[in-house]
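Residues per chain are reported as follows:
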Amino acid sequence: MTVESASMGEMLAAAVPMVRTLNLEFAEVTAERAVLRLPDQPDYHNHIGGPHAGAMFTLAESASGAIVLTAFGEQLSRAVPLAVRAEIDYKKLAMGPVTATATLGRPAAEVVAELDKGERPEFPVAIAIQREDGAVTAEMTVVWTLRPNG
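Everything in this summary refers to the structure shown in the same document.

How each quantity is defined
- Residues numbered from 1 in each chain as written.
- Predicted model: local features only at pLDDT ≥ 70, side-chain atom pairs only at ≥ 80, totals over all residues.
- Heavy atoms only, no water.
- Helix = DSSP H or I, 4+ residues; strand = E, 2+ residues; numbered from the N terminus.
- Buried < 20%, exposed > 50% of the residue type's maximum accessible area, 1.4 Å probe, protein only.
- Contact = heavy atoms within 4.5 Å.
- Salt bridge = Lys/Arg side-chain N within 4 Å of Asp/Glu carboxyl O.
- Phe/Tyr/Trp six-rings, centres within 6.5 Å; stacked < 30°, edge-to-face > 60°.
- Core = buried A, V, L, I, M, F, W, Y, C linked by side-chain atoms within 4.5 Å.
- Arc of directions from axis to C-beta.

**Some thoughts on the side chain of Thr58**
Point 1. With respect to the helices and strands, Thr58 occurs in helix 3 (residues 53–71).
Point 2. Overall, the relative accessible area of 16% leaves Thr58 in the buried class.
Point 3. Ignoring sequence-local partners within four residues, the contact set of Thr58 consists of Met18, Leu22 and Leu24.

If you want it as structure tokens, here you go:
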């Protein structure tokens, strides 16, 4: 874990109670990629013994939020990042711990340029959720915006 990912994990755990409720682990957080892990926890299992769909959604959304806060942290004094919409496709059975890897769908500089023009930019973050064997169990896209303050 990098210092950046450790501090981002602490920040999100403090600001977002679900992050600490699910005991999400921050493996890597940069402006280009965020990797979070949901440990195998029986309290968050579904009816077949794997991670509940809601827990997997929260894992993926949290990974997207981590990359957004890292990529656009310098803009927080003038804009608030907000999730606009999300779509998730559950592809395979998830069992045991799962990992979400989020990637920014547009260059950060392009998004900031729109904000500089007084616009409210939207941008996608793609997330893949994988089992320990590498199989992709779900894919999610969260569309975010930077809502200008005032």
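**Digging into the pattern of salt bridges**
Point 1. Applying the stated criterion across every chain, the model contains nine salt bridges.
Point 2. Notably, a salt bridge pairs Asp116 with Arg78, separated by 2.5 Å at the nearest N-O pair. Placement of Asp116 in helix 4 (residues 108–116) and of Arg78 in the loop between helix 3 and strand 3 (79–90) is noted, with a sequence separation of 38 residues between them.

**Here's the deal with the packing of aromatic side chains**
Point 1. Applying the stated criterion to the full structure yields one aromatic pair.
Point 2. With centroids separated by 4.9 Å and ring planes inclined at 45°, the aromatic side chains of Phe72 and Phe123 adopt a geometry described as tilted. With Phe72 in the loop between helix 3 and strand 3 and Phe123 in strand 5 (residues 122–131), the pair connects residues that are 51 residues apart, well separated along the chain.
Point 3. According to the relative accessible area criterion, Phe72 is buried, its value standing at 2%.

**Details of the nonpolar core**
Point 1. Residues Phe72, Phe123, Val125 and Ile129 are the most contacted members of the largest nonpolar core, which totals 41 residues.
Point 2. If near-sequence neighbours (up to four positions away) are discounted, Ile129 is found in contact with Met56, Leu59, Ala60, Ile88, Val98, Thr99, Ala100, Ala135, Val136, Thr137 and Ala138.

**Notes on unusual backbone geometry**
Point 1. In this model, Asn23 sits at a positive phi of 55°, which is unusual for a non-glycine residue.
Point 2. By the secondary structure assignment, Asn23 is in the loop between helix 2 (17–21) and strand 1 (25–29).

**What to know about helix 4**
Because an α-helix packs 3.6 residues into every turn, residues spaced three or four apart end up facing the same way.
Point 1. Three or more residues of helix 4 are buried, namely Val111, Val112, Glu114 and Leu115. One side of helix 4 holds all its buried residues, which, seen down the axis, span an arc of 155°. Facing away from the buried side of helix 4 by more than 90 degrees, the exposed set consists of Ala109 and Asp116.
Point 2. Tucked inside the fold, the buried residues of helix 4 contact strand 3, strand 5 and strand 6 (136–148).
Point 3. Looking one or two residues beyond helix 4, the residue adopting positive phi is Gly118, at roughly 90°.

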